[in-house]
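Architecture at a glance
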Amino acid sequence: MGDHPKQTITIEEAEGLIKCWRGFGPSEPKGFDYSPAKPTPNPHVAALSALARFRAVSAATDDASKSVGGGRNFSDKPSRVRYRESEKKLMEFEQQTWELYQLQGTLDHTRLLEECQVRAQRGDHEAKRRLEVLNIFHTTRHDNRADRWELPPDHPKWQKLEEVTPDPQVQATWGPRLWALLIGNDRYPQSPLRGAVKDSMAWKVYLIDFLGVPEDHITHIENAKRETMVTALYNLRDNDKIKEGDHILFAYAGHGSRYDAQVYSFEDDIGHRAGSIEALCPVDRGLPRRRGTPDISDREVLLILSEIHDQTKADITVVLDCCHSGGRNSRIEC
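First, a word on what this report is: a plain description of the structure on this page. (Residues numbered from 1 in each chain as written. Predicted model: local features only at pLDDT ≥ 70, side-chain atom pairs only at ≥ 80, totals over all residues. Heavy atoms only, no water.)

Counting secondary structure elements, the chain contains 13 helices and eight strands. When burial is assessed residue by residue, the chain has 40% of its 334 residues classed as buried. Within the chain, counting contacts between residues at least 6 apart in sequence, those at least 24 apart form 71% of the total. If you sum the accessible surface of the chain, you get close to 20000 Å²; carbon and sulfur atoms cover 51% of it. (Helix = DSSP H or I, 4+ residues; strand = E, 2+ residues; numbered from the N terminus. Buried < 20%, exposed > 50% of the residue type's maximum accessible area, 1.4 Å probe, protein only. Contact = heavy atoms within 4.5 Å. Areas by Shrake-Rupley, 256 points an atom, 1.4 Å probe, with all protein chains shown as cover.)

This is the structure in structure tokens:
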């Protein structure tokens, strides 16, 4: 007997699957996650906005399945089963879209969304509908599974790690050509942190002792305000000691935030409203109350990094130890 032909999932079916997910209650967001109120022109847009803010379906259903007494409540089992089935079908729809657009290699979720976005901005109505479905699906699935990748401190893989000694050749040749901006923010007016400054100090020790980076090549800032952070980045651009082929490291530890692109976009087209805006949080964010200091968005960081690269011709590496640090709309190739 031959293989059964693969069943094609239509856009209408995919849209129906996404809308069904509204029946699963969202969990608490991580970090600073804003969803400011904004008047919407019609109920359809309001529904899309609600869907885009949906978070952690799996966690919500797992929590709901536990009874107060510590036992198990299987009354929501059909809902969990429907969720898993919907996820499987949406994954098939995602793969079908990848093949439809004739993209090469293994399915890359970010690349697929970008391709849909490009087509949507060109006026492809079908691409707009696919983008709307896949954007919600990708965002929700990413949030659901982010914590599952982390290994506990007592995991055997950590115990088997071998100590690596510094390489004298790296210290002598590569280290002197590296420049670093290290920022650690703990002292927030709300939700202060405890380990971000320590992390930034550990990075500095590593750069000096392990990689041989001269101390005067390192700018280390603790509990930085917005103006301080932006100025420090522009100082890298204006540093005439940084030459072509040098390496720049920008490492940040602190709070991160995320804003719904639908709320803050000036465009009504889904091609511009898809995704989210990620941001770094200075310690003076939101102060003073009436005209609060804004976060530093991924778009702003991207523009500054582009200026640094254009001016210095250096290779740039960015390390972000914060929530919402995976902004797909802000890539830089340096």
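What follows is about the nonpolar core. A general tendency of soluble globular proteins is for nonpolar side chains to be buried together. If you look at the biggest cluster of nonpolar residues, it comprises 26 residues, and the most contacted ones within it are Leu181, Ile183, Ile248, Tyr252, Leu280 and Ile308. Elements that contribute at least two residues to this core include exactly strand E2 (178-184), helix H10 (226-237), strand E4 (247-253) and helix H13 (298-312). The element that contributes the greatest number of residues to this core is H10, accounting for five residues. Not counting chain neighbours up to four residues away, the residues in contact with Ile183 comprise Ser200, Trp203, Ile221, Ala224, Met229, Phe250, Ala251, Tyr252 and Ala253. Among the nonpolar cores identified, the runner-up in size contains 20 residues, and Leu90, Leu131, Leu134 and Phe137 belong to it. (Core = buried A, V, L, I, M, F, W, Y, C linked by side-chain atoms within 4.5 Å.)

Further remarks concern the sheet that holds E4. The four strands lie next to each other as E3-E2-E4-E8, forming an open sheet whose pairing is parallel. Of all the strands in the sheet, just strand E3 (218-222) and strand E8 (315-321) have a single pairing partner and so form its edges. Ignoring strand direction, the axes of neighbouring strands in this sheet form an average angle of 5 degrees. The pairing of E2 with E4 spans seven bridges and is parallel. Counted as the bridge partner of Leu181 is Phe250 from E4. H13 rests against E4 and E8 of the sheet, and its axis sits at about 155 degrees to E8. (Pairing = 2+ DSSP bridges. Axes fitted to C-alpha atoms, helices over the stretch in contact; angles between N-to-C directions.)

All right, on to the pattern of salt bridges then. Under the counting rule described, the total for this entry stands at 11 salt bridges. Between Glu12 and Arg129 there is a salt bridge whose closest N-O contact spans 3.3 Å. Here Arg129 lies in helix H6 (residues 125-145) and Glu12 lies in helix H1 (residues 11-20), a separation of 117 residues in the sequence. What makes Glu12 partly exposed here is its relative accessible area of 48%. Among the salt bridges present, the one from Glu307 reaches Arg237, with a minimum N-O distance of 2.7 Å. Of this pair, Glu307 sits in helix H13 while Arg237 sits in helix H10, placing them 70 residues apart in sequence. Through salt bridges that share partners, Glu12, Glu15 and Arg129 make up one connected network. (Salt bridge = Lys/Arg side-chain N within 4 Å of Asp/Glu carboxyl O.)

The next subject is the packing of aromatic side chains. Each aromatic ring pair is summarised here by two numbers: the centre-to-centre distance and the angle between the ring planes. As enumerated under the stated definition, the model contains one aromatic pair in all. Here the guanidinium or amino end of Arg119 rests over the ring plane of Tyr101, the centre of that ring lying 3.8 Å away. (Phe/Tyr/Trp six-rings, centres within 6.5 Å; stacked < 30°, edge-to-face > 60°. Lys NZ or Arg CZ within 6 Å of the ring centre and 35° of its normal.)

If you check H10, its first and last C-alpha atoms are 17 Å apart, about what 12 residues at 1.5 Å a residue would give, namely 16 Å. Taken as a whole, H10 has its buried residues at Arg226, Met229, Val230, Ala232, Leu233 and Leu236. Buried residues of H10 fall within an arc of 155 degrees about the axis and therefore sit on the same side. Here the buried face of H10 lies against E2, E3, E4, strand E6 (276-280), strand E7 (296-297) and H13. (Expected span 1.5 Å × (residues − 1). Arc of directions from axis to C-beta.)

Another aspect to go through is the environment of Met201. With respect to the helices and strands, Met201 occurs in helix H9 (residues 196-210). Once the C-alpha coordinates of Met201 and Glu222 are considered, the two residues, 21 residues apart in sequence, prove to be 9.0 Å apart. In contact with Met201, not counting residues within four places along its chain, are His220 and Glu222.

All right, on to the side chain of Asp246 then. With respect to the secondary-structure elements, Asp246 resides in the loop between H10 and E4. For Asp246, a relative accessible area of 5% corresponds to the buried category. Leave out the neighbours within four places in its chain, and Asp246 touches Arg177, Trp179, Lys241, Ala314 and Asp315.

What follows is about the packing of H10 against H13. Put simply, H10 and H13 touch, their axes get as near as 8 Å, and they point 25 degrees apart. Put simply, H10 runs roughly parallel to H13. Here H10 contributes Arg226, Val230, Leu233, Tyr234, Leu236 and Arg237 to the contact with H13, which in turn contributes Glu300, Ile304, Glu307, Ile308, Gln311 and Thr312. Taken together, the residues of the contact of H10 with H13 break down into six nonpolar, two polar and four charged. (Parallel < 35°, antiparallel > 145°, perpendicular 65-115°, else oblique. Nonpolar A, V, L, I, M, F, W, Y, C, P; charged D, E, K, R; others polar.)

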